[in-house]
Amino acid sequence: MSDTQTHDTHIPTTVHTLRETFDAGVTKPLAWRTHQLEQLDKLLTEHEDRIADALAADLGKHPIEAYLTETSFLKNEIRHTVKNLKRWTKPRYVTPNVALLPAITYSVAEPLGVALIIAPWNYPVQLLLAPAIGAIAAGNAVLLKPSEVAPASAHLLAELIPQYLDSRAVAVVEGGVEETTQLLAQRFDHIFYTGNATVGRIVMRAAAEHLTPVTLELGGKSPLYIDDSVDLETAADRIVWGKFTNAGQTCVAPDYILAQRHVADALVVHLENSLQRLYGPVPRLNEAYGKIINERHYDRLHAHITDLTERGVKVISTQDNDRQTCHLDPVIAVDVPHDASIMGEEIFGPILPIRIVDGPKEAINEINTREKPLALYVFSERREVRRAFLRDTSSGALTFGLPIGHVAATELPFGGVGESGMGGYHGRFSFDTFSHLKPVVSKPLSPDTMRMVYPPYAGERLAWMRRILG
Ligand code: NAD
């Protein structure tokens, strides 16, 4: 895309073309939708290596991590969608209310129109294309806006998508704040935004202008509670994997741990061992360990470490850091006070603070004083503890015994609540998100049961109605 193209006319023209395509009915046939999804699968297969290279350039992702968290995730989502699409598009019959009898009642999923998908940088391929799968499956035209903060991935997708997908109906617009602002001034029929809550508010304000529905996939501080009823060694491996994958830059990474002191003391030893097992003695030299996206985020994270050390908090890290390559070593910080800077924002990096609590009740209280998180993790074999977290907290998702894993549960909706977002997606939930579930009622003119409700209201009408309607 040339510089001049990004200004003024390019964006309205692109949106106009997408709308014309949608209005012409191009995107509605099941065959078109399925073919587009198969083409997307082909793109991912034929360019798996280039995608891995781009993710390595942007985030230092290992090819296996790139496969696991981006390409194979998407291929699985496509497979699931193609397999079930025909069923999802079928009318969903319901039993008619007695007041309507005789009648047939059902809902049918119709596409919304032109959808805008705005993605962030941390899983730049997955988070752009996973919602696109739902939008295409539901029969929409789609405008994709990758994150400029992960430029290698954004450029590659902008190059490949027009080669594989029907460019009358699927367009990519690259750019940052300026281009996104221009995009948001256009009328869309759905906006699907993934990123931080500040921009989420900008998106929602812009959407309000056109009464456009939004899905906001945001973040926040996802807590993890652990007690002494679990195998701490296995738990530590899972926590380290969940926290330090993608160098902690995962929206559902455990942000901080809540534990009793004796649990924290034992856990720290296991966490250190896990770090050694997963990333070796020198993570900087280990290809499995990613990098921080850019210097701005490196500086932000480094300032948290400085704050912790200045407060005398025990910081466990080799601190083999390098601003130039944006390498930040894993950090575990023990007994972090509530007013440490790191407890004031989503960490989104490889620093794992542990807060000491006196038990599950205090942990729940602490969680409830904060905004509703995107995910909550509980490691406890105690039934009453699990039940208390389930009953007394609210979060986008609750997982017992495994951070991050719920993202792969295709049959469950993925999304936040409150400050961590609104709306959900994955699998059928993506399809429904990008559809209008249109209710259809069909009532024969004969017998004309409506006569019974028309005025004049005389005689035994009321008693008779009560007998039928209750
Ligand atoms: P980002 O900086 O890439 O921004 C996201 C998108 O918003 C980009 O496409 C960007 O161009 C656009 N944008 C940025 N500023 C804008 C503005 N002023 N006006 C209009 N558009 C603008 O990504 P980020 O926000 O740093 O992403 C990290 C956040 O996203 C974290 O909070 C993380 O938890 C959250 N996140 C959530 C999920 C989820 O699925 N819920 C997934 C990944 C990340």
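Residues numbered from 1 in each chain as written. Predicted model: local features only at pLDDT ≥ 70, side-chain atom pairs only at ≥ 80, totals over all residues. Heavy atoms only, no water.

K.L.:
Let's hear about the site of the ligand: which residues, and what values?
P.N.:
The local shell around the ligand holds 27 residues, among which S147, E148, N196, L218 and E346 are the closest. Measuring from an oxygen atom of the ligand, one finds a side-chain N or O atom of W121 at 3.0 Å. Between N196 and the ligand, the recorded distance is 2.6 Å, taken from a side-chain N or O atom to an oxygen atom. Bound to the protein, the ligand loses 92% of the 850 Å² it would expose on its own. At the level of secondary structure, the elements contributing two or more residues to the shell around the ligand comprise α8 (177–185), β6 (190–194) and α9 (197–209). Among the residues forming the shell around the ligand, the class breakdown is 16 nonpolar, 7 polar and 4 charged. Residue-level mapping places the shell around the ligand at the junction of two domains, with at least three residues from each of domain 1 (3–218 + 421–437) and domain 2 (223–412). (Near = heavy atom within 4 Å. Polar contact = N/O pair within 3.5 Å; in protein donor to acceptor, adjacent residues only side chain to side chain. Areas by Shrake-Rupley, 256 points an atom, 1.4 Å probe, with all protein chains shown as cover. Helix = DSSP H or I, 4+ residues; strand = E, 2+ residues; numbered from the N terminus. Nonpolar A, V, L, I, M, F, W, Y, C, P; charged D, E, K, R; others polar. Domains from an automatic or database assignment.)

K.L.:
Could you give an account of the confidence of the model for the chain, with specific residues and numbers?
P.N.:
When pLDDT is averaged along the chain, the result is 96, and 98% of the positions lie at 70 or above. Contacts from residues 1–7, a stretch scored under 50 in pLDDT, to residues over four places away or in other chains number 9 contacts. (pLDDT = per-residue confidence, 0-100. Contact = heavy atoms within 4.5 Å.)

K.L.:
How would you sum up unusual backbone geometry? Please name residues and give values.
P.N.:
Negative phi values dominate among residues other than glycine, just as trans dominates among peptide bonds. The peptide bond linking S446 to P447 adopts the cis configuration, its omega dihedral lying at 0°. Looking at the element boundaries, P447 is found in the loop between β16 (435–442) and α16 (461–469). Going from P455 to P456, the amide bond is cis rather than trans, its omega being 0°. Within the secondary structure, P456 sits in the loop between β16 and α16. In this model, N246 sits at a positive phi of 55°, which is unusual for a non-glycine residue. Secondary-structure assignment places N246 in the loop between α10 (232–244) and β9 (256–259).

K.L.:
Run through the packing of aromatic side chains, naming residues and quoting values.
P.N.:
The relation between two aromatic rings is expressed through the spacing of the ring centres and the mutual angle of the planes. Here the structure, examined in full by the defined rule, presents 8 aromatic pairs. Note on Y93 and Y106: the rings are 5.1 Å apart at their centroids and 50° apart in plane angle, and the pair reads as tilted. Remark: Y106 occurs in strand β2 (residues 104–111) and Y93 occurs in strand β1 (residues 92–94); sequence separation between them is 13 residues. Under the relative-accessibility criterion, Y106 is labelled partly exposed at 22%. (Phe/Tyr/Trp six-rings, centres within 6.5 Å; stacked < 30°, edge-to-face > 60°. Buried < 20%, exposed > 50% of the residue type's maximum accessible area, 1.4 Å probe, protein only.)

K.L.:
Mind laying out the layout of surface pockets, listing which residues take part and the relevant values?
P.N.:
Considering only enclosed or pocket space, the largest pocket measures out at about 1,200 Å³ in volume. For the largest pocket, the lining is made up of 45 residues, of which Y193, G195, N196, A197 and V199 are closest to its centre. At the level of secondary structure, the elements contributing two or more residues to the lining of the largest pocket comprise α8, β6, α9 and α12 (295–310). Looking at the lining of the largest pocket element by element, the count peaks at 5 residues for α9. Each residue belonging to the lining of the largest pocket can be placed in one class, and the counts come to 19 nonpolar, 14 polar and 12 charged. Residues lining the lining of the largest pocket come from more than one domain, with at least three contributed by each of domain 1 (3–218 + 421–437) and domain 2 (223–412). The element best represented in the lining of the second largest pocket is helix α5 (residues 63–89), accounting for 6 residues. Across the lining of the second largest pocket, the residue classes tally to 12 nonpolar, 9 polar and 1 charged. When residues are assigned to domains, the lining of the second largest pocket turns out to be shared by domain 1 (3–218 + 421–437) and domain 2 (223–412), each giving three or more. (1 Å grid on protein atoms, 1.4 Å probe; cavity = no way out; pocket = protein on both sides within 12 Å on 5 of 7 lines; lining within 4 Å. Points joined across faces, edges and corners; volume = space filled by probe spheres on them.)

K.L.:
Now, about α9: what can you tell me, with residues and values included?
P.N.:
With 13 residues, α9 should reach 18 Å at 1.5 Å per residue; the first-to-last C-alpha distance of 19 Å fits that figure. Taken residue by residue, α9 has A197, G200, V203, A206 and A207 as its buried positions. Buried residues along α9 sit in contact with β3 (114–118), α8, β6 and β7 (214–217). Capping the start of α9 is the job of one residue whose side-chain oxygen sits 3.0 Å from the backbone nitrogen of T198: N196. (Expected span 1.5 Å × (residues − 1).)

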